[in-house]
Amino acid sequence: MGKLTVGALRAVLVVVLAGTTFVQVLMVWALATDPEDGSLPLTPLRLITILGMVSVQVALVCVWRLVTMVRRGTVFSDAAFRYVDIVIGSIAAAALVWFAVTAINAPGQREDPGVTVIMGGVGVAILGVALLVLVLRMLLAQAVARDVEASQMRAELDEVI
């Protein structure tokens, strides 16, 4: 991975991390200062937003660690699986948070249930991303196994020579 690519990805990760932290601070401030007017269940939505931002931040930190491993050439190791597993879990958690938002929003959409259906579809799409990362994890497992096998073959060849 080139330096420009790593730098660009890290810049994006920093911006997203700063943005999610800003949203969390606003939600905590709104919980403390802004009373509900009764039209929407704002407190649960604000708490869910904070939790959703935490799941995004966890994934960002793990991606940062994986990029560092790629840069060092150590990504094809067992240590990478821990970070990939955490990313999968945080994406699944984000999907559950989205489904909670959909459930809270659903009673207000009785006249137009299409919004709830679309929101449910977005939740399914988020779960699809988690499944995609799971497939990528399996590819990583195959690459690690091949790397170990190649190392063993090199060692055997060195003994023969």
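Scroll up for the structure.
What comes next concerns the included structure.

Analysis parameters
Residues numbered from 1 in each chain as written. Predicted model: local features only at pLDDT ≥ 70, side-chain atom pairs only at ≥ 80, totals over all residues. Heavy atoms only, no water. Core = buried A, V, L, I, M, F, W, Y, C linked by side-chain atoms within 4.5 Å. Buried < 20%, exposed > 50% of the residue type's maximum accessible area, 1.4 Å probe, protein only. Helix = DSSP H or I, 4+ residues; strand = E, 2+ residues; numbered from the N terminus. Contact = heavy atoms within 4.5 Å. Salt bridge = Lys/Arg side-chain N within 4 Å of Asp/Glu carboxyl O. Expected span 1.5 Å × (residues − 1). Axes fitted to C-alpha atoms, helices over the stretch in contact; angles between N-to-C directions. Parallel < 35°, antiparallel > 145°, perpendicular 65-115°, else oblique. Left-handed = near helix turned anticlockwise from the far one by under 90°. Nonpolar A, V, L, I, M, F, W, Y, C, P; charged D, E, K, R; others polar. Phe/Tyr/Trp six-rings, centres within 6.5 Å; stacked < 30°, edge-to-face > 60°. Lys NZ or Arg CZ within 6 Å of the ring centre and 35° of its normal. Patch = residues over 30% accessible without salt bridge, like charges linked within 9 Å, V, L, I, M, F, W, Y side chains within 5 Å. Areas by Shrake-Rupley, 256 points an atom, 1.4 Å probe, with all protein chains shown as cover.

Things to note about the nonpolar core
- Within the largest apolar cluster, 15 residues are counted, with the highest numbers of intra-cluster contacts made by L66, M69, A80, V84, V133 and L140.
- Counting only elements with at least two residues in this core, the list comes to α2 (42-72), α3 (78-105) and α4 (114-160).
- Of all the elements, α3 adds the most residues to this core, at seven residues.
- Contacts of V133, omitting those with residues within four sequence positions, involve V84, V87, I88 and I91.

A look at the pattern of salt bridges
- All chains considered together, the criterion is met by one salt bridge.
- Here D85 makes a salt bridge to R137, at a shortest N to O gap of 2.5 Å. With D85 in helix α3 and R137 in helix α4, this pair connects stretches of sequence that are 52 residues apart.

A short note on α2
- Between its terminal C-alpha atoms α2 stretches 45 Å, which fits the 45 Å expected from 31 residues at 1.5 Å a residue.
- After α2 finishes, the residue G73 shows a positive phi value of roughly 80°.

Quick look at the packing of helix α1 (residues 3-33) against α2
- Where α1 meets α2, the closest approach of the two axes is 9 Å, and the angle between their N-to-C directions is 160°. One element, α1, and the other, α2, form an angle in the roughly antiparallel class. For the pair α1 and α2, the crossing hand works out as left-handed.
- Residue composition of the contact of α1 with α2, by class: 20 nonpolar, seven polar and four charged.

Comments concerning the packing of aromatic side chains
- Evaluation of the coordinates by the stated rule reveals zero aromatic pairs.
- Positioned above the aromatic ring of W64, the side-chain terminus of R10 is 4.8 Å from the ring centre.
- The positively charged end of R82 is found above the aromatic ring belonging to Y83, 4.9 Å away from the centroid.

A word on the packing of α3 against α4
- Contact geometry for α3 and α4: axes closest at 9 Å, N-to-C directions at 175°. Taken together, the axes of α3 and α4 are roughly antiparallel relative to one another.
- Among the residues making up the contact of α3 with α4, the classes are represented as 25 nonpolar, five polar and three charged.

Looking at the environment of V14
- For V14, the location among the structural elements is in helix α1.
- Given a relative accessible area of 45%, V14 falls into the partly exposed group.
- In this structure, the C-alpha to C-alpha distance between V14 and V61, residues 47 residues apart in sequence, is 9.6 Å.

Considerations on a nonpolar patch on the surface
- Nonpolar side chains collect at one region of the surface, where L131, L132, L134, V135, L136, M138 and L139 lie side by side and expose about 640 Å² of accessible area between them.
- Summarising the element assignment, L132 is placed in helix α4.

From the geometry alone we can't say anything about function, so treat these as descriptive.
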